[in-house]
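Chain and residue survey
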Amino acid sequence: WRGAVWARESQGARGWSGAAAMAVALCNGDSKETAGGDIKDARYQYDGALVILDAGAQYGKVIDRRVRELFVQSEILPLETPAFAIKENGFRAIIISGGPSSVYAEDAPWFDPAIFTIGKPVLGICYGMQMMNKVFGGTVHRKNVREDGLFTVNVDNSCSLFRGLQKDEVVLLTHGDSVDKVAEGFKVVAQSGNIAAAIANESKKLYGVQFHPEVDLTEHGKDILKNFLFDIAGCSGTFTVQSREVECIREIQKKVGHSKVLVLLSGGVDSTVCTALLNKALNQDQVIAVHIDNGFMRKKESQTVEEALKKLGIKVKVVNAAHAFYNGTTTLPISEEDRTPRKRISKTLNMTTNPEEKRKIIGDTFVKVANEVIGEMNLKPEEVYLAQGTLRPDLIESASREASGKADVIKTHHNDTELIRKLREEGKVIEPLKDFHKDEVRALGRELGLPEDIVLRHPFPGPGLAIRIICADEPYICKDFAETNNILKIVADFSASVKKPHTLLQRVRSCTSDEEQEKLMQITSLYSLTAFLMPIKTVGVQGDCRSYSYVCGLTSKDPPHWDSLIFLARLIPRMCHNINRVVYIFGPQIREPITDVTPTFLTTGVLSTLRQADFEAHNILRESDCSGKISQMPIILTPLHFDRDPLQKQPSCQRSVVIRTFITNDFMTGIPATPGKHIPEEVILKMVREIKKIPGISRVMYDLTSKPPGTTEWE
């Protein structure tokens with residue numbers, strides 16, 4: 001334990017997370033109440049429970065949720081929790097999460113290797129598998145092949161972990177490091193091509209999987225967890241939690257007392273459920289519900305929100321703060337490399353192109369406007385709490401210490417900025433849904449009696465359309481642009497490329513299995529395709545880390561064959577790690593890729609264009625009765641102007657729209673809707689036709705990317 005404390009201190013003064021404080025309490029045999037809980041006796045109260053050791057995975061909380069769905073008690077503790085604390089407190093088994101670090105790096109997170117020798121069954125996921133292999137004498141190397149996305153792995157279903165599964169299973173892989181030499185006493189029990197996808201030492205009940213069984217994208221992941229929890233670890237499955245609603249109400253009443261609460265309402269399901277909970281927990285005069293129109297709302301959004309909430313008996317104060325947001329600023333580090341406390345003032349929002357800076361300005365401006373509302377109502381700020389509908393995925397993706405001390409920042413959520421974190425540290429923020437995922441919030445909304453049209457409403461981000469406009473004042477073209485384009489040419493014309501050997505052809509072959517190469521041959525023989533980079537960047541999540549990378553465009557002179565396009569969208573980011581998103585471009589085949597952009601900022605005209613495109617697309621989705629078939633459908637405006645004759649040197653002055661359909665249960669992972677399978681193709685084609693009628697639109701594109709490697713939103 002002393003070593004763990006030293007390791008934590010040596011990482012810098014980041015402070016202890018709630019989970020780490022709990023680990024201290026466990027080691028001392030203290031009550032969990034000292035670590036922020038309500039359970040009186042920590043020692044032995046975890047008898048039969050599972051401990052999840054957090055190595056910083058984006059999916060760490062999803063593991064916890066999956067385990068609890070199977071009625072097994074679970075607790076998330078820091079990776080450095082000592083083995084004796086786990087043993088003494090009666091945990092039955094251990095799961096080690098994935099994480100963004102490399103086991104061979106000098107600054108790899110510290111852990112107690114004795115966790116593998118205390119007689120507890122262990123399941124190491126991704127980074128956890130590599131840790132296990134290294135401890136027992138195996139080796140781990142960074143290979144040329146990176147796996148990000150869905151893959152078919154071959155499993156040994158005689159292994160206890162995979163009992164009852166098929167020989168071939170579809171799983172989610174997100175890694176660059178791979179097991180090289182397998183540790184003594186272990187055997188490979190699943191393979192992805194020539195890469196070890198799982199290892200096992202059955203006699204010691206130690207198992208490692210390189211993929212993520214906790215996510216929906218791994219088709220039989222829940223069965224793998226069942227096998228580990230019940231058949232291997234012997235858990236009972238008798239853990240049921242009291243109504244989450246009662247828990248939330250108790251938390252609100254205890255924290256607020258007789259003070260007032262200002263709740264910021266977007267009209268989405270999260271903030272509406274949060275407000276309904278506050279209304280139930282407190283007196284009506286204690287709750288001040290405010291809807292801030294930031295100028296980035298959808299067409300008629302604020303009016304619709306106000307009317308919907310009035311029907312629920314929630315009185316809402318609507319504040320038009322568009323001007324404050326357009327001209328909003330925030331303080332930022334001097335540079336990414338600067339580690340000193342020095343700060344600089346950002347550009348105004350309407351002149352900012354960096355997506356992280358846009359989110360931070362918007363988040364901080366929300367708080368500033370909220371403080372102005374408090375002042376106008378003659379309330380004392382120190383006597384008012386700020387309530388938010390923050391969810392667990394928001395905190396995980398922002399790498400908040402509330403969720404994980406080690407997770408990599410994927411994007412800063414507007415409700416988890418530096419200013420919000422400061423208020424949180426002062427105890428002035430109430431977030432009753434911070435341990436909930438989206439589907440659980442919907443279930444809670446039903447319990448609170450909210451109507452289905454509110455409960456099933458598609459999410460709309462707090463920053464609104466501001467993060468659905470890819471702002472740029474210059475093209476994004478790095479030194480790898482030309483080489484990546486050459487690789488994409490080989491992929492798009494693979495059947496012809498194999499006849500003309502090229503040094504880059506070998507790179508394509510080394511990243512693909514024989515089966516995939518065969519499928520690539522078929523697709524490129526049947527369809528005339530073009531693939532190229534576009535000079536813009538979007539945010540993604542690759543190997544548990546944030547990526548800010550290129551978009552690949554696919555065009556064809558043939559009508560789109562969606563299954564083939566989805567296959568290519570999975571394959572391309574794996575071969576080219578500098579690509580995190582793939583789109584299909586509707587219309588005639590593009591022969592001349594573009595290398596410049598239309599200067600684009602958050603101006604009134606640009607916002608109006610996107611607002612109309614968003615309105616047309618969602619109107620068609622509703623009229624076609626397809627809203628329930630997908631989880632979310634962001635409409636994105638990009639600064640790309642196609643179909644210009646390079647000889648005429650026509651300037652870039654138009655923009656293109658992207659339709660991003662998304663299907664998910666938890667918003668931590670997900671897939672695009674395949675036209676003709678998940679949603680009628682004619683619905684998508686009708687959207688394309690209507691959007692093309694909007695002045696200033698060059699082309700319409702369709703996002704083919706799953707999450708990972710692309711995030712739900714483009715920024």
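Here we summarise the structure given alongside this text. Here the structure is a predicted model, which means the values were calculated and not measured.

1. Side note on the environment of valine 153
With respect to the helices and strands, the residue valine 153 is situated in strand β5 (residues 140–155). Classification of valine 153 by relative accessible area gives buried; the value is 1%. Separated by 43 residues in sequence, valine 153 and alanine 196 place their C-alpha atoms 9.4 Å apart. Those residues in contact with valine 153, other than ones at most four positions away along the chain, are Lys167, Asp168, Glu169, Val171, Leu173, Gln191, Ser192 and Ala197.

2. A few points about the nonpolar core
Core analysis: the biggest nonpolar cluster contains 89 residues, and Leu262 and Leu704 have the highest contact counts within it. Considering every element that reaches this core, the biggest residue donor is helix α20 (residues 562–575), with nine residues. Apart from residues lying up to four places away in sequence, leucine 262 is in contact with Ile288, Val290, Ala370, Val373, Ile374, Val384, Tyr385, Leu386 and Ala387.

3. Quick look at the side chain of serine 271
Within the element layout of this structure, serine 271 appears in helix α8 (residues 269–281). Other than its neighbours up to four places away in sequence, serine 271 contacts Leu264, Leu265, Ser266 and Gly389.

4. As for helix α18 (residues 503–510)
If you check which residues of α18 are buried, you get Leu504, Leu505 and Val508. Here the buried residues of α18 occupy an arc of 110° about the axis, which is enough to place them on one side. What points out from α18, more than 90 degrees from its buried face, is the exposed set Thr503 and Gln506. Buried residues along α18 sit in contact with α16 (481–492), α17 (494–497) and α20.

5. Overview of the pattern of salt bridges
As a working rule, side chains carrying opposite charge can pair if their charged atoms are close by. For the coordinates displayed, the defined rule picks out 24 salt bridges. Notably, a salt bridge pairs glutamate 69 with arginine 66, separated by 3.2 Å at the nearest N-O pair. Remark: arginine 66 and glutamate 69 occur in helix α3 (residues 60–69); sequence separation between them is three residues, near one turn of the helix. Of the residues examined, glutamate 69 reaches a relative accessible area of 29% and is grouped as partly exposed. Owing to a relative accessible area of 5%, arginine 66 belongs among the buried residues under this scheme. In this structure, the salt-bridge partner of arginine 507 is glutamate 483, at a minimum N-O distance of 3.0 Å. Taken together, the positions of arginine 507 in helix α18 and glutamate 483 in helix α16 put the pair 24 residues apart, joining distant regions of the chain. Using a relative accessible area of 34% as the deciding quantity, one classes arginine 507 as partly exposed. Overall, the relative accessible area of 41% leaves glutamate 483 in the partly exposed class.

Calculation rules
Residues numbered from 1 in each chain as written. Predicted model: local features only at pLDDT ≥ 70, side-chain atom pairs only at ≥ 80, totals over all residues. Heavy atoms only, no water. Helix = DSSP H or I, 4+ residues; strand = E, 2+ residues; numbered from the N terminus. Buried < 20%, exposed > 50% of the residue type's maximum accessible area, 1.4 Å probe, protein only. Contact = heavy atoms within 4.5 Å. Core = buried A, V, L, I, M, F, W, Y, C linked by side-chain atoms within 4.5 Å. Arc of directions from axis to C-beta. Salt bridge = Lys/Arg side-chain N within 4 Å of Asp/Glu carboxyl O.

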